[in-house]
Amino acid sequence: MEPTEGAEEERLVRCPVCLRELPGADINPHLDRCLQAGGAEAEPPSKRPRLAAAPPGSQAEGQPEEARPAAGPPVFSLFHKGRGGGQSPAAAGGRSGAGRDEAAVQPGHGCSAALCGESLAQKLEGKPLAERLRPDTLGDYVGQERVLGAQTLLRSLLESHEIPSLILWGPPGCGKTTLAHIIANSSKKNGTRFVTLSATSAKTNDVRDVISQAQNEKRLFKRKTILFIDEIHRFNKSQQDTFLPHVECGTVTLIGATTENPSFQVNAALLSRCRVIVLEKLSVEAMEAILMRAVRSLGLQVLGQGNQHGTPATGSSSKSSEFPVYIEEKALNTLAYLCDGDARTGLNGLQLAVQARVAAGRTTPLSATEGGAADGILVTEEHIKEGLQRSHILYDRAGEEHYNCISALHKSMRGSDENASLYWLARMLEGGEDPLYVARRLVRFASEDIGLADPLALTQAVAAYQGCHFIGMPECEVILAQCVVYFARAPKSIEVYRAYGNVKECLRMHTGPLPPVPLHLRNAPTRLMKNLGYGKGYKYNPMYKEPVEQDYLPEELKGTDFFKERKS
Ligand SMILES: Nc1ncnc2c1ncn2[C@@H]1O[C@H](COP(=O)(O)OP(=O)(O)OP(=O)(O)O)[C@@H](O)[C@H]1O
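By convention here, each chain's residues receive numbers from 1 onward along its written sequence. pLDDT decides what is reported in this predicted model: residues at 70 or higher carry local features, side-chain atom pairs at 80 or more are listed and counted, and totals for whole chains, interfaces and linings draw on all residues regardless. Where side-chain values are given, they derive from all heavy atoms of the structure, hydrogens and water being excluded.

### A look at the overall build of the chain
Thought 1: What the chain contains, in helices and strands, is 22 helices and 12 strands.
Thought 2: Burial analysis of the chain (568 residues in total) assigns 49% to the buried set.
Thought 3: The contact definition used throughout considers only heavy atoms, calling two residues in contact when any of these lie within 4.5 Å. Pairs at least 24 residues apart make up 71% of the contacts formed inside the chain by residues separated by at least 6 positions.
Thought 4: The accessible surface values rely on the Shrake-Rupley method and a 1.4 Å probe; as for residues, cover is taken only from the protein chains in view. Carbon and sulfur atoms form 54% of the exposed surface of the chain, whose accessible area is close to 27,600 Å². Counting from the N terminus, the helices are DSSP H or I runs at least four residues long and the strands are E runs at least two residues long. Each residue is assigned to one of three classes by its accessible area relative to the maximum for its type, calculated with a 1.4 Å probe on protein chains only: buried under 20%, partly exposed between the two thresholds, exposed over 50%.

### Comments concerning the pairing of strand 10 (residues 325-328)
Thought 1: In this analysis, strands are considered paired if DSSP registers two or more bridges between them. Across 3 bridges, the pairing between strand 9 (residues 301-303) and strand 10 is parallel. Pairing of Leu 303 across the sheet is with Glu 328, part of strand 10.
Thought 2: Pairing of strand 10 with strand 12 (residues 376-379), which is carried by 3 bridges, proceeds in the parallel orientation. Along strand 12, the bridge assignment pairs Val 325 with Ile 377.

### Here we look at a nonpolar patch on the surface
Thought 1: Candidate patch residues must exceed 30% relative accessible area and have no salt bridge, after which like charges are joined if within 9 Å and Val, Leu, Ile, Met, Phe, Trp or Tyr side chains if within 5 Å. In the sections that follow, a salt bridge refers to a side-chain nitrogen of Lys or Arg positioned within 4 Å of a carboxyl oxygen of Asp or Glu. On the surface, Val 517, Leu 521, Tyr 538, Tyr 540, Met 543, Tyr 544 and Tyr 552 cluster together into a nonpolar patch covering about 720 Å² of accessible area.
Thought 2: Mapping Val 517 onto the fold places it in the loop between helix 21 (495-509) and helix 22 (527-531).

### Digging into the pattern of salt bridges
Thought 1: Overall, the coordinates contain 17 salt bridges when judged by the stated rule.
Thought 2: Ionic pairing is found between Arg 155 and Glu 159, a salt bridge with its closest N-O pair at 3.2 Å. Taken together, the positions of Arg 155 and Glu 159, both in helix 6 (residues 153-159) and 4 residues apart, correspond to about one turn of that helix.
Thought 3: Glu 418 is the partner of Arg 489 in a salt bridge, and the nearest nitrogen-oxygen pair spans 2.7 Å. A residue pair is termed long-range when its members are at least 10 positions apart, and Arg 489 in helix 20 (residues 477-489) and Glu 418 in helix 17 (residues 418-430) qualify at 71 residues.
Thought 4: Residue classification places Arg 489 among the exposed positions, given a relative accessible area of 60%.
Thought 5: You can call Glu 418 partly exposed: its relative accessible area is 28%.

### Examining the nonpolar core
Thought 1: What makes a nonpolar core is a set of buried Ala, Val, Leu, Ile, Met, Phe, Trp, Tyr and Cys residues whose side-chain atoms join them at distances within 4.5 Å. Ranked by internal contacts, the top residues of the largest apolar core, which has 33 residues, are Met 287, Leu 291, Ile 327, Leu 332, Leu 350 and Ile 384.
Thought 2: Those elements that provide at least two residues to this core are helix 4 (129-132), helix 12 (284-298), strand 10, helix 13 (329-338), helix 14 (343-363), strand 12 and helix 15 (381-390).
Thought 3: The element that contributes the greatest number of residues to this core is helix 12, accounting for 9 residues.
Thought 4: The next biggest cluster of nonpolar side chains, apart from the first, holds 27 residues, and it includes Val 438, Phe 445, Cys 476 and Val 484.

### Quick notes on the pairing of strand 4 (residues 166-169)
Each regular strand shows side chains that alternate between the opposite faces of the sheet.
Thought 1: Where strand 4 lies against strand 7 (residues 252-258), 4 bridges are found, and the strand directions are parallel. From the neighbouring strand, Leu 166 faces strand 7, where its bridge partner is Ile 255.
Thought 2: In terms of strand pairing, strand 4 meets strand 8 (residues 275-278) through 4 bridges, oriented parallel. By the bridge assignment for strand 8, Leu 166 is matched with Arg 275.

### So, the confidence of the model for the chain
Thought 1: Each residue carries a pLDDT score, the predictor's own confidence in it, on a scale running from 0 to 100. Across the chain, the average pLDDT comes to 75, with 70% of residues at 70 or higher.
Thought 2: Within the model, the stretch residues 308-321 combines pLDDT values under 50 with 37 contacts to residues more than four positions away or in other chains.
Thought 3: Note on the complex model: pTM 0.56, ipTM 0.97.

### Structural notes on unusual backbone geometry
Thought 1: Even without being a glycine, Gln 144 presents a positive backbone phi close to 55°.
Thought 2: Among the structural elements, Gln 144 can be located in the loop between helix 4 and helix 5 (145-148).
Thought 3: Even without being a glycine, Ser 416 presents a positive backbone phi close to 60°.
Thought 4: Mapped onto the fold, Ser 416 is located in the loop between helix 16 (400-414) and helix 17.
Thought 5: Among the residues examined, Ser 416 registers a relative accessible area of 40% and is labelled partly exposed.

### Brief notes about the packing of aromatic side chains
Thought 1: Ring geometry is summarised as follows: Phe, Tyr and Trp rings, the Trp one being its six-membered ring, pair when their centres sit within 6.5 Å, and such pairs are stacked at plane angles under 30 degrees, edge-to-face over 60 and tilted between the two. All told, the structure shown has 5 aromatic pairs when counted by the stated rule.
Thought 2: Ring geometry for Phe 194 versus Phe 228: centroids 6.4 Å apart, planes at 40°, classification tilted. With Phe 194 in strand 5 (residues 193-198) and Phe 228 in strand 6 (residues 225-230), this residue pair connects regions lying 34 residues apart in the sequence.
Thought 3: A relative accessible area of 0% means that Phe 228 is categorised as buried.
Thought 4: With a centroid separation of 6.0 Å and an interplanar angle of 55°, the aromatic rings of Phe 235 and Phe 243 are classed as tilted.
Thought 5: For Phe 235, a relative accessible area of 2% puts it in the buried group.
Thought 6: A network of ring pairs unites the aromatic residues Phe 445, Tyr 486 and Phe 487 as a single cluster.

### Concerning the packing of helix 18 (residues 435-450) against helix 19 (residues 456-471)
Thought 1: Close contact between helix 18 and helix 19 brings their axes to 8 Å; oriented N to C, the two are set at 175°. In terms of axis orientation, helix 18 runs roughly antiparallel to helix 19. Note on element contacts: helix 19 touches helix 18 through Ala 457, Leu 458, Ala 461, Val 462, Tyr 465, Cys 468 and His 469, opposite Leu 436, Ala 439, Arg 440, Leu 442, Val 443, Ala 446, Ser 447 and Ile 450.
Thought 2: Residues are sorted three ways: Asp, Glu, Lys and Arg are charged, Ala, Val, Leu, Ile, Met, Phe, Trp, Tyr, Cys and Pro are nonpolar, and all the rest, Gly among them, are polar. Residues belonging to the contact of helix 18 with helix 19 are distributed by class as follows: 12 nonpolar, 2 polar and 1 charged. Only the contacting stretch of a helix is used when fitting its axis, a line to C-alpha atoms as for every element, and angles between N-to-C directions run 0 to 180 degrees. Geometric relationships in this document are graded by angle, where less than 35 degrees denotes roughly parallel, more than 145 denotes roughly antiparallel, 65 to 115 denotes roughly perpendicular, and other angles denote oblique.

### Digging into helix 19
Thought 1: One less than the residue count of a helix, multiplied by 1.5 Å, gives the span that helix is expected to have. Taking 1.5 Å per residue as the helical rise, helix 19 with its 16 residues ought to reach 22 Å, and the 22 Å between its terminal C-alpha atoms agrees with that figure.
Thought 2: Every buried residue of helix 19 is accounted for by Ala 457, Ala 461, Ala 464, Gly 467, Cys 468 and His 469.
Thought 3: Turning to helix 19, the residues buried within the fold contact helix 10 (262-265), helix 18 and helix 20.
Thought 4: Immediately beyond the C-terminal end of helix 19, within one or two residues, lies Gly 472, with a positive phi of roughly 65°.

Here it is, written out as structure tokens:
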């Protein structure tokens, strides 16, 4: 018997995209919505927004109800714009590819802040500036010419929407997530889905869900899926293995971002199926261009060296701002230099400095504020430096400050000063230091300074390293803090470290051929070796009840005590 129309509508049907079961009557509209949502509608994860409080939802990991599988994995998509329903740059009359220095700025999500006529205070609140200014198109993507310049293979692949599986490797804030965001925007044009997983929070099941959706999309709608995995090095081997065959057979195109050397952190098999793109830290010039774009979007006016206060060098003032806000050109140059190629640090530093000056201008009569004048607010180089220091980001990860701080941490632990140890640790981590670098130094400290006074210290350090590797910043900071305090409080012994140094010294000072291994200590696996006297006279200690008299050092070093020797 034919089912009645009503019965057909009541029957539960499984959505091939999100795998939810719905009444037959609802499936078609649901499927449309599900496909439009591309599995989700959130934005790329905002990274370490240490300066401005991230607004609710900026760390968007949810999915719209429609597209969420029952388990609710932390999956989100770059396929759709932010929740504000902002226009794409193209729709808003966006820039040409060459227009990196144009005055009209389109923040990454929605219309240009300047064009929207927001006040400066509004522009500074909420989402961190770095997130608002995340470029949507290659035209706004600054620097990285070596891999993305005209004529490069990657550029032509991206322009022809031929996206290969990629691993984007580069230091923090150099534009890995941004490049993925741009690829997401461009792949939207040819109907490709773009799904993001964060390796810090996604589980193996989440990967499986994404793969199963991708298989359905491919089978039913011939639709491709690009899977972006941020911080891919945090996925363990079995998680990486989960998507390996699917990358291989083309169910998903993988884009992984990592700050760690992929040769060590990404499965060799997976790596061999991906193109590794090495992004460099942004040059000072590139940083200046990014900062200038931010200055324009905020409607600040730049004061050149020779300018009088009140004569803008570039930029257009924010129409609805209460006071014109000026920034010294020198301040921008200094910021571009100090942020060490990390655009997020630079943009957040600018945001904080301007925010602080505007707040001071609101509460204090302008003529009385330092750097303020009757006709506006001035942001100077000093304010920028203050801003960087206040947010603990004045820290040159590659330069002297990096070595100074790690040395201060090492010495504080050695001196058993737990407060100083914690302080130097926090200075580094808040400055953006790689937690694994600190963890590696702790492993070294465990043996060099604590040694056999507390052999558990080494276990603690290795566990801390692994813990940091598993969960990353910011959650891993407390792991390092625990380890650092343990080490500061631990008894210290350099006995082994010193003795080993003495042995190395002895080897270095030796002249002539090194003494042979005594025959009785040699292994004798063959008859010939036995005949040559190998192993002859060796006393196997477990066979003796009493202490065994036997020499283990070469003849000429007989009686040497490296533990008593002192290095000169
Ligand atoms: N090449 C670039 N051109 C323009 N803006 C950039 C560029 N790189 C980074 N930015 C800006 O810096 C912000 C942070 O960059 P992004 O999130 O891409 O860094 P990342 O390399 O993924 O860093 P991390 O490893 O810390 O996640 C972006 O939101 C964007 O505003």
